[in-house]
Number of protein chains: 2
Amino acid sequence: MSESPPILYGYWRSSAAYRVRIALNLKQVEVEHRSVHLVRAGGEQHTPEYRRRNPEGLVPLFIDSDGTCLTQSMAIVEYLDETRPGPRLLPPEPAARARSRALAQVIACEVHPLDNLRVLRYLTHELGIDEPDKLRWYRHWVAEGLAALEARVTEWSTPFSLGERPGLVELCLVPQLYNARRFDCPLDDYPALVALDARSRELEAFRRAAPEAQPDAIPA
Amino acid sequence: MSESPPILYGYWRSSAAYRVRIALNLKQVEVEHRSVHLVRAGGEQHTPEYRRRNPEGLVPLFIDSDGTCLTQSMAIVEYLDETRPGPRLLPPEPAARARSRALAQVIACEVHPLDNLRVLRYLTHELGIDEPDKLRWYRHWVAEGLAALEARVTEWSTPFSLGERPGLVELCLVPQLYNARRFDCPLDDYPALVALDARSRELEAFRRAAPEAQPDAIPA
């Protein structure tokens, strides 16, 4: 008798869900994907049924085979690293782990929270910010974060953050650069990040996790 | 010959530095505190000397006795948990660890990034948002995050997130509620969080970490 697979509630364009998809692929964990449409009908993440499972009203939501129900992409990724065999997503030594987490957190705590859908909506609908100022906001926080990351990433001599393999840093960086391109953020000042992103996206685990490769993707 | 103590660059009112101070106290790690004044003269975090150590231009910055230089409060806290003896800041089982991290990340990734100093300044100086709208913004994100947390925290029957002891959740919650009170955010809807905050602040580790107990505090 086979166990039921874990379930990932996500959305093709959610960069937090994109992070988890990459982690699952790197770990070769098969999951059932369920789409939570963040835009249609005011957002399916706000339905009472979904909120009961995740009071934050956000994706991703991960439900493991044993029923363990987890929110927050970064917590889910570390859980996968602690519970699944396969390549480690974080290095083993504490100082190196802390540096990987810190780089990932520049994206997860300094850039993405300011530029996600609910925040852009609040700027537009509650504060009356116009489109050019909204874009300026978006690009400002991307530029602040990427400049800090570029200064750090150039310290490495290896192709990926874990040497021969990508890990937590890349699974945050690639979705963030995907978003940055959607909003036409200039990336000329971050050649090391752009190269790291390109190297990562050549890998099968990243290709399969790309927004456009998801069944719920809406063609442009 | 005694080793030189670790150094924490912080600021009394920085809630990210406040988290790390609590973690250090819970672990009974003695450090040398160095103040980085975030307001005076445009912000000491932007000086070239400080930026060389921390390109993000943020506090805290932690330098361990062996010279290991770490940024991002959440990464520093996990590093302390992995390298220092004493009470664990995270529970041992992966699912419980993930839930602790997720609760902490509601604050670290959903509330604090939207309400910190540099963001409030951008709203005022770059987008021309007036004081009432800035406060509305501040309180909105606090309310969103605390409502999600309240729903979760009430699932516990134990006094603290780790049973008899506080950990990662409390060291994020207490600084966030400190900030919420500074900005007169209504807290009536979060009785479980307010009680958890009060229980935590009775403990010596939290009392010694409070902003007003720091040498660089400016009396009201």
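Residues numbered from 1 in each chain as written. Chains lettered and ligands numbered in written order. Predicted model: local features only at pLDDT ≥ 70, side-chain atom pairs only at ≥ 80, totals over all residues. Heavy atoms only, no water.

Details of the overall build of chain A
- Tallying secondary structure elements over chain A gives nine helices and four strands in all.
- Of the regular secondary structure in chain A, the N- to C-terminal order runs β-α-β-α-β-β-α-α-α-α-α-α-α.
- Taking 17 Å as the expected radius of gyration for a compact globule of 220 residues, we find that chain A reaches 17 Å, a close match to that expectation.
- Projected onto its principal axes, the C-alpha positions of chain A cover 55 × 45 × 30 Å.
- For chain A, the proportion of its 220 residues judged to be buried stands at 59%.
- Long-range contacts, defined here as pairs at least 24 residues apart, represent 65% of the contacts in chain A between residues at least 6 apart. (Helix = DSSP H or I, 4+ residues; strand = E, 2+ residues; numbered from the N terminus. Rg over C-alpha atoms; globule rule 2.2 N^0.38 Å. Buried < 20%, exposed > 50% of the residue type's maximum accessible area, 1.4 Å probe, protein only. Contact = heavy atoms within 4.5 Å.)

Details of the pairing of strand β2 (residues 32-35) of chain B
Residue and element names in this part refer to chain B.
- Of the pairings in the sheet, the one linking strand β1 (residues 7-10) to β2 comprises four bridges and is parallel in character. When the sheet's bridge partners are listed, I7 is paired in β2 with E32.
- Following the backbone out of β1, through helix α1 (residues 15-26) and into the adjacent parallel β2, one traces a crossover that is right-handed. (Pairing = 2+ DSSP bridges. Right-handed = clockwise from strand over helix to strand, strands pointing away.)

So, the sheet that holds strand β1 (residues 7-10) of chain A
Residue and element names in this part refer to chain A.
- Strands sit in the order β2-β1-β3-β4 across an open sheet of four strands; the sheet is mixed. If you trace the sheet from one side to the other, it starts and ends with β2 (32-35) and β4 (69-71), each paired once. Across the sheet, the axes of successive neighbouring strands diverge by a mean angle of 20°, strand direction being ignored.
- Here helix α3 (residues 73-83) sits on the sheet in contact with β3 (61-63) and β4, set at roughly 130° to β4. (Axes fitted to C-alpha atoms, helices over the stretch in contact; angles between N-to-C directions.)

Structural notes on the domain arrangement of chain A
Residues and elements named next belong to chain A.
- Domain boundaries in chain A define domain 1 (7-87 + 207-213) and domain 2 (94-203).
- One C-alpha centre belongs to domain 1, the other to domain 2, and the line joining them spans 19 Å.
- Contact with domain 1, which involves 18 residues of that partner, is made by 22 residues of domain 2.
- Buried area between domain 1 and domain 2, both sides added, is near 1,800 Å², and the carbon and sulfur share of it is 59%. (Domains from an automatic or database assignment. Buried area = accessible area lost by both parts, 1.4 Å probe.)

Some remarks on the packing of aromatic side chains
- For the structure on display, the rule yields 17 aromatic pairs over all chains.
- Here W137(A) and Y122(B) contribute two aromatic rings whose centre-to-centre distance is 5.7 Å and whose plane-to-plane angle is 70°, an arrangement assigned as edge-to-face. Of this pair, W137(A) sits in helix α6 (residues 131-153) while Y122(B) is found in helix α5 (residues 117-125), placing the two residues in two different chains.
- Ring geometry for Y11(B) and W12(B): centres 6.3 Å apart, planes at 65°, overall edge-to-face. Here Y11(B) matches W12(B) in class, with each residue buried.
- Within the aromatic cluster, the residues linked to one another by ring pairs are Y122(A), W137(A), W141(A), Y122(B), W137(B) and W141(B).
- The ring of F160(A) carries R199(A) above its face, with NZ or CZ at 6.0 Å from the centroid. (Phe/Tyr/Trp six-rings, centres within 6.5 Å; stacked < 30°, edge-to-face > 60°. Lys NZ or Arg CZ within 6 Å of the ring centre and 35° of its normal.)

A closer look at the relation of the copies chain A and chain B
- Expressed as a screw transformation, the operator carrying chain A onto chain B has a rotation angle of 180° and an axial translation of 0.0 Å, and the superposed copies differ by an RMSD of 0.0 Å. What the superposition gives is, in effect, a two-fold axis relating one chain to the other. Considering only C-alpha atoms, the part of chain A nearest the rotation axis is C109(A), at 2.4 Å.
- Of the interface residues in chain A, 100% have counterparts in chain B that sit at the interface too, so the contact is made through matching surfaces. (Least-squares fit on C-alpha atoms with pLDDT ≥ 70 in both.)

Quick word on the environment of P94(B)
- For P94(B), the position within the fold is in helix α4 (residues 94-115).
- Among all residues touching P94(B), those that are not within four sequence positions of it are Y79(A), E82(A) and T83(A).

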